[in-house]
Amino acid sequence: MPEHTRHTMRMIASLCTLLALSACSSLEPRPSSSTPAPVIATASAWHDDVVRISNGSDNTQRREAIVHLLSAAGIDAIEHPFATERHAGTNLVAPVSGDTISPLLLLGAHFDKVDVGDGVTDNASGSAVVLELARRFRQSPLQHHRVAVAFWDLEEKGLLGANAYVTGDNEKPALYVNFDIFGWGDTLWMMVQGSGHPLALATDAAAQARGIGLSAGEKYPPTDHLAFHKAGWPAVSFSLLDADEIEPLLQVFSRGKPARMPKVMEVIHSQNDRLDQLAPDQVETAIDAVEAAFRAWDAGRR
Ligand SMILES: [Zn+2]
């Protein structure tokens with residue numbers, strides 16, 4: 001699709017989101033003092049963030065959108081420029097909440113995109129999950145962990161941003177949790193080494209309670225968590241997709257030929273990576289499950 005057509009579509013999408021937001025806020029009944037504030041306000045925040053990030057026509061504009069969204073949440077991002085022989089990029093790292101003496105939980109996602117498509121599912125979707133979790137942990141910190149967020153540049157060029165963080169003079173987290181591909185689906189796919197990881201157990205319980213599936217294991221496509229593993233740093237990664245996409249996707253990455261190509265392979269790194277592929281309702285439930293899992297995991301680690 002020509003560039004100007006896609007731009008118009010993006011304008012319409014942002015406008016729709018704005019209209020939907022204003023309709024929500026004016027029609028929604030005010031909670032009485034005895035009922036807790038509804039969390040519905042966040043239902044469109046993730047989608048709005050995805051729109052804002054993927055409206056950026058290049059990686060710099062996408063990064064600037066994230067800086068702006070963090071700032072609106074009262075979170076200051078620190079720019080971490082880096083360079084390799086062939087590329088230069090800039091990561092964002094931002095402290096969110098928690099005591100300075102507490103161990104660090106680092107949540108991250110890559111914000112860069114390939115040249116083709118709008119980089120919506122890959123990976124404005126994961127970046128927006130990290131933004132949403134940042135807001136929630138800013139408002140209600142974990143008890144036993146400091147939370148910081150990171151947004152990696154140049155994942156698509158070979159995990160360059162995450163690699164720059166790990167090999168630079170930066171704090172080693174107690175755990176790094178990556179988010180890549182989070183646009184639709186009924187199942188949280190968790191890359192985790194070994195069995196019985198406390199966060200995997202907590203995610204299983206939180207997902208079950210919300211009717212979302214969990215598939216946890218070591219087989220998983222390459223993304224930024226690998227830069228951490230390479231340094232021997234603890235890291236896991238989450239994706240959201242449909243359960244029946246996982247096996248065929250793994251087949252693709254092991255150079256097999258699945259009988260049916262999973263949706264994710266028809267979308268990412270192609271012109272199809274656009275807003276109209278998303279399913280925000282399911283994503284919201286998945287974000288709720290992940291947040292609950294972090295809180296349960298944190299509570300169990302005094
Ligand atoms: Zn990606």
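Within each chain, residues carry numbers counting from 1 in the order of the written sequence. For this predicted model, a pLDDT threshold of at least 70 governs which residues receive local features, and a threshold of 80 or more governs which side-chain atom pairs are given and counted, while totals over whole chains, interfaces and linings are taken from all residues.

With respect to the overall build of the protein
Regarding its fold elements, the protein presents 10 helices and eight strands. Counting the 302 residues in the protein, one finds 45% classified as buried. Note on contacts: residues are paired as contacts if their backbone-placed C-beta atoms lie within 7 Å. Contacts spanning at least 24 positions in sequence make up 79% of the contacts within the protein whose residues lie at least 6 apart. The way it works is that DSSP assigns letters per residue, a run of H or I at least four long becomes a helix, a run of E at least two long becomes a strand, and they are numbered from the N terminus. Any residue whose C-beta has 12 or fewer other C-beta atoms within 10 Å is treated as exposed, any with 20 or more as buried, and any in between as partly exposed, C-beta atoms being built from the backbone.

Comments concerning the pairing of strand β3 (residues 104–110)
Of all the seven residues making up β3, six are buried; the element is thus mostly covered by neighbouring parts of the structure. Any two strands with at least two DSSP-identified bridges between them are counted as paired. Relative to strand β4 (residues 146–152), β3 is paired through seven bridges, and the arrangement is parallel. Opposite His110, over in β4, you have Trp152 as the bridge partner. Here the term right-handed applies to a crossover when the path leading from its first strand over the helix to its second strand runs clockwise, the strands being oriented away from the viewer. Crossover connection from β3 via helix α4 (residues 120–139) to parallel β4: handedness right-handed.

Concerning helix α10 (residues 280–299)
Along its 20 residues, α10 runs 29 Å from first to last C-alpha, staying within 8% of the 28 Å computed at 1.5 Å per residue. Of the residues making up α10, those classed as buried are Gln282, Val283, Glu284, Ala286, Ile287, Asp288, Ala289, Val290, Ala293, Phe294, Trp297 and Asp298. An expected span of 1.5 Å times one less than the residue number is assigned to each helix.

As for the environment of Glu266
Structurally, Glu266 can be placed in helix α9 (residues 263–267). Here Glu266 falls in the exposed class, since 11 other C-beta atoms lie within 10 Å of it. Apart from the residues within four sequence positions on either side, Glu266 is in contact with Met261 and Asn272.

Notes on the environment of Ala286
Structurally, Ala286 can be placed in helix α10. Considered as a pair, Ala286 and Gly213 are 73 residues apart in the sequence and their alpha carbons are 9.2 Å apart.

Some points on the confidence of the model for the protein
Each residue carries a pLDDT value, the predictor's own confidence for that position, ranging from 0 to 100. Per-chain confidence: the protein averages 88 in pLDDT, with 85% of residues scoring 70 or above. Below a pLDDT of 50 lies the segment residues 1–42, which in the model reaches 19 contacts outside its immediate sequence neighbourhood of four places, other chains included.

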